[in-house]
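Observations on chain architecture
Each chain is listed here by its residues.
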Amino acid sequence: RQPAGLATIRNRQALLAYRDEDFDGAEVLCHQALELLEQGDDEMIRSRTLRLLTDIELARKELGRAGNYIRLADEANQGISDQTETAAILFAQAKLDHHLGCHAEALANAQRSVDIYAAMGDRKAQIVLNHMISRLYQSLGNFPAAQTAAVRSLEMAIELGDGLMEEICAAQLANTQQLQNL
């Protein structure tokens, strides 16, 4: 029996359920994954599973539970200090902060996350985060900075040939331009 391997499989199954918006099924699979792990076993899969539980609770608008899971994910990652996981945790924390109306904190976490992803060369993550950063600046009333971030995300989406993100980023740019002209 290989608990970490089985936990990884449950985590992947949970991710698929989450993407299908089967939040109850995803939650069950996440808890099964966590139950397979002993304390100190594969902290990476523990952190990823806890981070997925954070996203599930954010989708449900259960912000207190989401906050608890993201703290546990961060604790699991502390022992391994994986930069990809750190960036993902910061992104999840930024989403939670945004839902809580703490836009300045969300912006700080999103910027730290995008900086890590930029250092790693993950352009797709940079697109998503710059889009979020644009929305956060917009929430804070800083329309020039919102427009700059929207342009950055749109340019990256065009460079990568990501049509869906290009549409999303172009809409955000139009929105920031419209708000700036009010």
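**So, the pattern of salt bridges**
Per the stated rule, a full pass over the model turns up 11 salt bridges. Here D24 ties to R60 by a salt bridge, and the two come within 2.7 Å at their closest N and O atoms. A residue pair is termed long-range when its members are at least 10 positions apart, and D24 in helix 2 (residues 23-36) and R60 in helix 3 (residues 43-60) qualify at 36 residues. The shortest N-O distance in the salt bridge between R65 and E27 comes to 2.9 Å. Within this pair, whereas R65 is found in helix 4 (residues 63-78), its partner E27 is found in helix 2, the two being separated by 38 residues in sequence.

**Considerations on the side chain of S134**
When you line up the elements, S134 lands in helix 7 (residues 123-139). Of the polar contacts made by the side chain of S134, one reaches the backbone oxygen of A146; its length is 2.7 Å. Here S134 is in contact with A146, A149, A150, Q172 and T176, once residues within four sequence places are set aside.

**Let's talk about the environment of Q138**
Its place among the elements puts Q138 in helix 7. Look at Q138 and you get buried, because its relative accessible area is 17%. The sequence separation of Q138 and Q180 amounts to 42 residues, and the corresponding C-alpha distance is 9.2 Å. Contact partners of Q138, with chain neighbours within four places excluded, come to F143, A146, Q172, N175, T176 and L179.

**Concerning the side chain of D55**
Mapped onto the secondary structure, D55 falls in helix 3. Residue class for D55 comes out buried when judged on its relative accessible area of 13%. Ignoring anything within four residues of it in the chain, the contact list for D55 reads Y18 and K95.

Criteria and cut-off values
Residues numbered from 1 in each chain as written. Predicted model: local features only at pLDDT ≥ 70, side-chain atom pairs only at ≥ 80, totals over all residues. Heavy atoms only, no water. Salt bridge = Lys/Arg side-chain N within 4 Å of Asp/Glu carboxyl O. Helix = DSSP H or I, 4+ residues; strand = E, 2+ residues; numbered from the N terminus. Polar contact = N/O pair within 3.5 Å; in protein donor to acceptor, adjacent residues only side chain to side chain. Contact = heavy atoms within 4.5 Å. Buried < 20%, exposed > 50% of the residue type's maximum accessible area, 1.4 Å probe, protein only.

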